[in-house]
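Commentary on secondary and tertiary structure
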Amino acid sequence: MEEIVRGSLFVARAAPGDASACGSGADIAGYICFWCVAGEVQILNIAVPKHLRRKGIARKLLDFAICTGREKKAGVVTLEVRQSNTAARRLYESLGFRITGERPGYYGAQSGESAILMELDIP
Ligand SMILES: CC(C)(COP(=O)(O)OP(=O)(O)OC[C@H]1O[C@@H](n2cnc3c(N)ncnc32)[C@H](O)[C@@H]1OP(=O)(O)O)[C@@H](O)C(=O)NCCC(=O)NCCS
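Let us look at the structure shown here.

What counts and what doesn't
- Residues numbered from 1 in each chain as written.
- Predicted model: local features only at pLDDT ≥ 70, side-chain atom pairs only at ≥ 80, totals over all residues.
- Buried ≥ 20, exposed ≤ 12 C-beta atoms within 10 Å, placed from the backbone.
- Helix = DSSP H or I, 4+ residues; strand = E, 2+ residues; numbered from the N terminus.
- Right-handed = clockwise from strand over helix to strand, strands pointing away.
- Pairing = 2+ DSSP bridges.
- Contact = placed C-beta atoms within 7 Å.
- Near = placed C-beta within 6 Å.
- Nonpolar A, V, L, I, M, F, W, Y, C, P; charged D, E, K, R; others polar.

1. With respect to the pairing of strand β5 (residues 76–82)
Across the two faces of β5 the burial differs, with Val77, Leu79 and Val81 buried and Val76, Thr78, Glu80 and Arg82 not buried at all. Once you follow strand β4 (residues 40–47) into helix α1 (residues 57–71) and on to β5, the crossover reads as right-handed. Examined bridge by bridge, β5 and strand β7 (residues 115–121) share 7 bridges and lie antiparallel to one another. The partner of Leu79 across the bridge, within β7, is Met118.

2. Quick look at the environment of Leu79
Mapped onto the secondary structure, Leu79 falls in strand β5. Along the primary structure Leu79 and Ala115 are separated by 36 residues, whereas in three dimensions their C-alpha atoms are 9.5 Å apart. Aside from chain neighbours lying at most four places away, what touches Leu79 is Ile43, Tyr92 and Met118.

3. As for the site of the ligand
Surrounding the ligand, one finds 18 residues, the nearest of these being Arg53, Ala58, Ala87, Arg90 and Leu91. For the shell around the ligand, the elements supplying multiple residues, two or more each, are β4, α1 and α2 (86–94). The element contributing the most residues to the shell around the ligand is α2, with 6 residues. Grouping the amino acids of the shell around the ligand by side-chain chemistry returns 9 nonpolar, 4 polar and 5 charged.

Now the structure itself:
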């Protein structure tokens, strides 16, 4: 996987000729958007195309954000995730994130869905 860093947007690109990326019409294997502010890494978004999921790409993207935070002396990583987003919640839990709170109705009055707040200490 080739990696490009541009500010707080980190894009994972499939290596040329990577069979797993063929047929997608693009070589983007995933991205993560985050920023480091006031001793905290805030994860804004992360996504991996459907055909490349469960290959450890998101975990690598998050590892990158955590390492960047460590370099910048941040002490914690924070994020918000939709209550029903099982895949993302399992991903964060697998990395050691813990639930620190809930924002009821965060995703709109119609869905009434909560945002779950999660946090990971950076050792
Ligand atoms: C959430 C998302 C980024 C995960 O990407 P991914 O590259 O498939 O994740 P990984 O392969 O790194 O998975 C790491 C671990 O997370 C957990 N996990 C990931 N997807 C899962 C799923 N669908 N169901 C259960 N656990 C899952 C597993 O523990 C997995 O480890 P394992 O495969 O060894 O069991 C991807 O599903 C996605 O792009 N979803 C749509 C966008 C989104 O919801 N973003 C999150 C916004 S908060």
